[in-house]
Amino acid sequence: MTTQSRGLLAVVLSLVVLSALLAVSYAQERKNYVVHLEPREDGSADDSVELWHRSFLPEAMPEMAGEDGPRIIYSYSHVLSGFAARLTDEEAEAMRKKEGCIRLYPEEFLPLATTHSPGFLGLHLGNDGFWSRSGFGRGVVIGLLDTGILPSHPSFGDAGMPPPPKKWKGTCEFKAISGGGCNNKIIGARAFGSAAVNATAPPVDDAGHGTHTASTAAGNFVENADVRGNAHGTASGMAPHAHLAIYKVCTRSRCSIMDIIAGLDAAVKDGVDVLSFSIGASPGAPFNYDLVAIATFKAMEHGIFVSSAAGNDGPSAATVGNSAPWMLTVAAGTMDRAIRTTVTLGNGQVFDGESLYQPRNNTAGRQLPLVFPGLNGDPDSRDCSSLVEEEVSGKVVLCESRSLVEHVEQGQTVSAYGGAGMILMNKPAEGYTTFADAHVLPASHVSYAAGSKIASYIKSTPKPTASVTFKGTVMGSSPAPSVAFFSSRGPNKASPGVLKPDITGPGMNILAAWAPGEMHTEFADGVSLSFFMESGTSMSTPHLSGIAAIIKSLHPNWSPAAIKSAIMTSSDVADHAGVPIKDEQYRSASFYTMGAGYVNPSRAVDPGLVYDLHTNDYIAYLCGLGIGDDGVKEITHRRVACGKLKAITEAELNYPSLVVKLLSQPITVHRIVTNVGKANSVYTAVVDMPKNVAVTVHPPMLHFSRVYEKQSFTVTVRWAGQPAVAGVEGNLKWVSDEHVVRSPIVIPPAKGVV
């Protein structure tokens, strides 16, 4: 080969290598986007959707001749007009300029909002109870968007279950699953995106979270359920004979918005009745920029009830997510069951706490040296991130709570340095909320008040001591219910005139099905368990999904808004001792904390009156938000001329609660109620408000002569005394011989006051 030929070959090889490097670089620059398009108006069939979506893709660059150009990941057809694709920055910019493209959303990842509860909520077995009369949710399909499910778990056996309803169109992706798959309980299972990497069994739960939420909503009856002997009893979901449809859209650590929308799209197409969404969302985005709000609007239009997590970002104000009014937004509360541990100090003081780890050969009565590394003021020492073996070995260590998900890790650190036990104390903001965690050593999680007294004792004596004893499951603890500190709070940033959260359900130390082999192994012996305890609005959400299924089973023609109204207006604002429900500081919980109240299923199935809403009502409300015709169209997928219809304010939406921004002038709002009780009924308005607020209801009585008759009324609110800068709360009740239909009234704090 000549020198010239060798030079030419070198140039060619260099170009090939450069081209390959450019292709790799080009591919690496691609990012995932959800592309929101103007809806088609030609009524084309679903099978042409992907072809239409491909028409929006930019042509492949010359360097990408070996590629197909940008690859479509999903084509959405039921809850969003658009698709998900991998695009470079240049392609994304070109896409934005195409006619018919509304907006591109870069891929984001949303967090998971992570037995006794049926009885605590009044759901008891018996031939004459409403739970039995509902068929335990028979015939209703609950769709769960989560981390999948363990189909072989006994909670998902189909004993007593009917076949899937004829309307069901879903599919089952379980293949060659040992010991289980789809049956008459699990009638559908699919996985999406990174959650589908296991090709042999894509919807199988690899985190435990999805199995837990699915069994909470609709797990079948399982006798002798417990966690290492704690919380023993018969486990079941809220709707134990409802069907389950599983949409795995989350891995252990994250949930892609692209996969979430794909799961929602599939659920609507498949024919679910209830959607359970235990996934967090950032608060504050306008609804036309919120893909979950847009997708669930279409679900609502299809008659699907959506139960969603308020989030775990409390107790700070204005942290509530999933706040669109067509969704039920669920806060987390406690029950009256504790997995009790008791701390006894050397001076005789006794403090109750909790721990799921209850060793049989415990140190009952055995006083051990007690230390608090945080006395030196170092934050890392306070939460036991930084320990010295000589300081803690053989001792009980007081540690300040680090975060909602790191309590067990803190105990692991103490154990690794030779600590004999741990007392985990809350931070001030966490108040009295305590967790029954699976610790690796003798431990007790105590309140901030108790922890502060223990710390003071340590300071007061040269040789402090403590013992930790284990009492097991204790029923009847009080106050119960209360609201957990982590439960996200209102006001609703996206729409301050609509009260959020809507309702509180059980979300603390919930025992439900788990995935053996994929479970937490924090217990010292690493024993695999079939049931486990978890806390979060992830746990309260499926409680409400199951309750909605019970109501749907008894009242199949009710709209999602009617079911929501029944849940909210029948809820409790007093705890089991008859005093106002408390928050984590044991103060009376505000409506911004607990929503309308704590769910009461026995009353929700027979609420008397409901506040109903349909698509046109929400359109008038959206027009009133001031997002413009285009903004309303982005949510509703239809052309809207707000100037030609009667827009309404947030306060005028026919919602089961009222938020009134009261200034100097009186404000009057309209409401319409539908009689779902007896044909001949009379309701009288009863108002419970502070003396400085005057509320007039007209007419003061409502007379119904038939079922499903509608009656309208007005509520006028004015200051009767000095305006309250910090805000005011009260209730409007419609009272008959058999029902009390209660709606919260909230006058928000003056701007800047929390």
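Conventions and cut-offs
Residues numbered from 1 in each chain as written. Predicted model: local features only at pLDDT ≥ 70, side-chain atom pairs only at ≥ 80, totals over all residues. Heavy atoms only, no water. UniProt positions renumbered as here; feature names shortened; annotations may be inferred. Helix = DSSP H or I, 4+ residues; strand = E, 2+ residues; numbered from the N terminus. Buried < 20%, exposed > 50% of the residue type's maximum accessible area, 1.4 Å probe, protein only. Areas by Shrake-Rupley, 256 points an atom, 1.4 Å probe, with all protein chains shown as cover. Pairing = 2+ DSSP bridges. Salt bridge = Lys/Arg side-chain N within 4 Å of Asp/Glu carboxyl O. Axes fitted to C-alpha atoms, helices over the stretch in contact; angles between N-to-C directions. Core = buried A, V, L, I, M, F, W, Y, C linked by side-chain atoms within 4.5 Å. Polar contact = N/O pair within 3.5 Å; in protein donor to acceptor, adjacent residues only side chain to side chain. Disulfide = S-S within 2.5 Å. Phe/Tyr/Trp six-rings, centres within 6.5 Å; stacked < 30°, edge-to-face > 60°. Lys NZ or Arg CZ within 6 Å of the ring centre and 35° of its normal. pLDDT = per-residue confidence, 0-100. Contact = heavy atoms within 4.5 Å. Arc of directions from axis to C-beta. Parallel < 35°, antiparallel > 145°, perpendicular 65-115°, else oblique. Nonpolar A, V, L, I, M, F, W, Y, C, P; charged D, E, K, R; others polar.

The name given to the protein chain in an unreviewed UniProt entry is Subtilisin-like protease, with the source organism recorded as Oryza meyeriana var. granulata. As stated in UniProt under Subcellular location (unreviewed entry), the record for the protein chain gives "Secreted". In the Sequence similarities (unreviewed entry) part of its UniProt record, the protein chain is described as follows: "Belongs to the peptidase S8 family."

Draft legend 1. The arrangement of the overall build of the protein chain in detail. Secondary structure summary: the protein chain contains 18 helices and 33 strands in total. Counting over 754 residues, the protein chain shows a buried share of 58%. Within the structure as shown, the protein chain displays about 29,400 Å² of accessible surface, and the carbon and sulfur contribution to it stands at 52%.

Draft legend 2. How the structure looks around the sheet that holds strand S33 (residues 740-747). An order of S26-S33-S32-S28-S30 is seen for the 5 strands of this open sheet, with the pairing classed as mixed. With one partner strand each, in any of the chains shown, strand S26 (658-659) and strand S30 (701-704) form the two edges of the open sheet. Two strands pair when backbone bridges link them, and S26 and S33 are joined in this way by 2 bridges, in the parallel orientation. Looking across to S33, one finds that Leu658 is bridged to Ile745.

Draft legend 3. Expanded view of the pattern of salt bridges. Evaluation of the coordinates by the stated rule reveals 22 salt bridges. For the salt bridge of Glu650 with Lys661, the shortest nitrogen-to-oxygen distance reads 3.7 Å. Of the two residues, Glu650 is situated in the loop between helix H18 (628-636) and S26 and Lys661 in the loop between S26 and strand S27 (667-675); the sequence distance between them amounts to 11 residues. Residues joined by salt bridges that share partners form a network here, namely Arg489, Asp583, Glu584 and Arg587.

Draft legend 4. The arrangement of the sheet that holds strand S10 (residues 243-248) in detail. If you walk across this open sheet you meet the 7 strands as S7-S10-S6-S12-S13-S14-S22, and the pairing is parallel. Of all the strands in the sheet, just strand S7 (186-191) and strand S22 (503-506) have a single pairing partner and so form its edges. On average, each strand axis in the sheet is tilted by 25° relative to the strand beside it, whichever way the strands run. Across 6 bridges, the pairing between strand S6 (residues 141-146) and S10 is parallel. Paired with Leu145 across the two strands is Tyr247, which belongs to S10.

Draft legend 5. Main features of the nonpolar core. Counting 65 residues, the largest nonpolar core has Ile260, Ile279 and Trp326 as its most contacted members. Tallying contributions element by element places helix H7 (residues 257-270) first for this core, with 9 residues. Ranked by size, the runner-up nonpolar core spans 37 residues in total, among them Leu144, Leu544, Ala566 and Val610.

Draft legend 6. Summary view of helix H8 (residues 291-301). Across the 11 residues that make up H8, a large majority, 10, are buried. Within the span of H8, buried status applies to Leu291, Val292, Ala293, Ile294, Ala295, Thr296, Phe297, Lys298, Ala299 and Met300. Measuring from the side-chain oxygen of the N-cap residue of H8 to the backbone nitrogen of Val292 gives 3.1 Å; that N-cap residue is Asp290.

Draft legend 7. Geometry of the environment of Cys250. Topologically, Cys250 is positioned in the loop between S10 and strand S11 (255-256). Taking relative accessible area as the criterion, Cys250 reaches 1% and is therefore assigned buried. Sequence spacing of Cys250 and Thr147 is 103 residues, and the spatial spacing of their C-alpha atoms is 4.7 Å.

Draft legend 8. The state of the cysteines, seen in detail. With the rule as written, the count across this model stands at 4 disulfides. For Cys250, the disulfide goes to Cys255, at an S-S distance of 2.1 Å. The sign of the 110° torsion about the S-S bond sets the Cys250-Cys255 disulfide as right-handed. Counting only the cysteines that take part in disulfides, in the order they occur along the protein chain, gives the pairing 1-2, 3-4, 5-6, 7-8.

Draft legend 9. Spatial organisation of the packing of aromatic side chains. Overall, the coordinates contain 15 aromatic pairs when judged by the stated rule. Linked through ring pairs, Phe287, Phe297, Trp326 and Tyr618 together constitute an aromatic cluster. Note that Arg103 overlies the ring of Tyr289, its terminal NZ or CZ placed 3.7 Å from the centroid. Just above the ring of Phe109 sits the side chain of Arg254; from NZ or CZ to the centre is 3.8 Å.

Draft legend 10. Here's a closer look at the pairing of S33. Burial of S33 is extensive: 7 of the 8 residues sit out of reach of the surface. For strand S32 (residues 728-735) and S33, the ladder comprises 8 bridges, and the chain directions are antiparallel. Bridge pairing links Lys733 to Arg742 in S33.

Draft legend 11. Quick look at the confidence of the model for the protein chain. Here the protein chain shows a mean pLDDT of 86. Residues at 70 or above account for 86%. Predicted confidence is poor over residues 61-66, with pLDDT under 50, and the contacts of this stretch with residues over four places away or in other chains come to 5 contacts.

Draft legend 12. Broad picture of helix H11 (residues 407-416). Looking at H11, one finds that the buried residues are His407, Val408, Gln410, Gly411 and Val414. End-on view of H11: buried residues confined to an arc of 155°, all on one side of the axis. Turning to H11, the residues buried within the fold contact strand S18 (396-400), strand S19 (421-425) and strand S20 (443-446). Phi turns positive one or two residues past the end of H11, at Gly418, with a value near 90°.

Draft legend 13. The arrangement of the side chain of Asn509 in detail. The residue Asn509 is located in the loop between S22 and strand S23 (510-513) in this model. Asn509 sits in the buried class, given a relative accessible area of 6%. Apart from residues lying up to four places away in sequence, Asn509 is in contact with Met335, Arg337, Glu354, Thr434, Phe435, Ala436, Met533, Glu534 and Ser535.

Draft legend 14. Seen up close, the side chain of Glu400. With respect to the helices and strands, Glu400 occurs in strand S18. Note on Glu400: relative accessible area 12%, which makes it buried. Setting aside chain neighbours within four positions, we find Glu400 in contact with Arg382, Asp383, Gln410, Leu424, Met425 and Lys427.

Draft legend 15. View of the packing of H8 against helix H17 (residues 615-624). Closest axis-to-axis distance for the H8/H17 pair is 10 Å, and the angle between their directions is 150°. Judged on the interaxial angle alone, H17 and H8 are roughly antiparallel. Contact residues: H8 offers Phe297, Met300 and Glu301, while H17 offers Thr615, Tyr618 and Leu622. Split by residue class, the contact of H8 with H17 holds 4 nonpolar, 1 polar and 1 charged.

Draft legend 16. Layout of the packing of H7 against H8. With their axes 10 Å apart at the nearest point, H7 and H8 run at an angle of 0° to one another. One finds that H7 runs roughly parallel with respect to H8. Here Ile257, Ile260, Ile261, Leu264 and Val268 of H7 lie close against H8, whose contacting residues are Leu291, Val292, Ala295 and Ala299. Of the residues that constitute the contact of H7 with H8, the class distribution is 9 nonpolar, no polar and no charged.

Draft legend 17. Structural detail: unusual backbone geometry. A cis amide bond links Ser478 with the next residue in sequence, Pro479, at an omega value of -5°. Cis geometry is adopted by the peptide bond preceding Pro481, which originates at Ala480 and carries an omega value of -5°. Within the fold, Pro481 resides in the loop between strand S21 (465-475) and S22. Even without being glycine, Ala318 reaches a positive phi, approximately 60°. Here Ala318 lies in the loop between strand S13 (305-309) and strand S14 (328-333).

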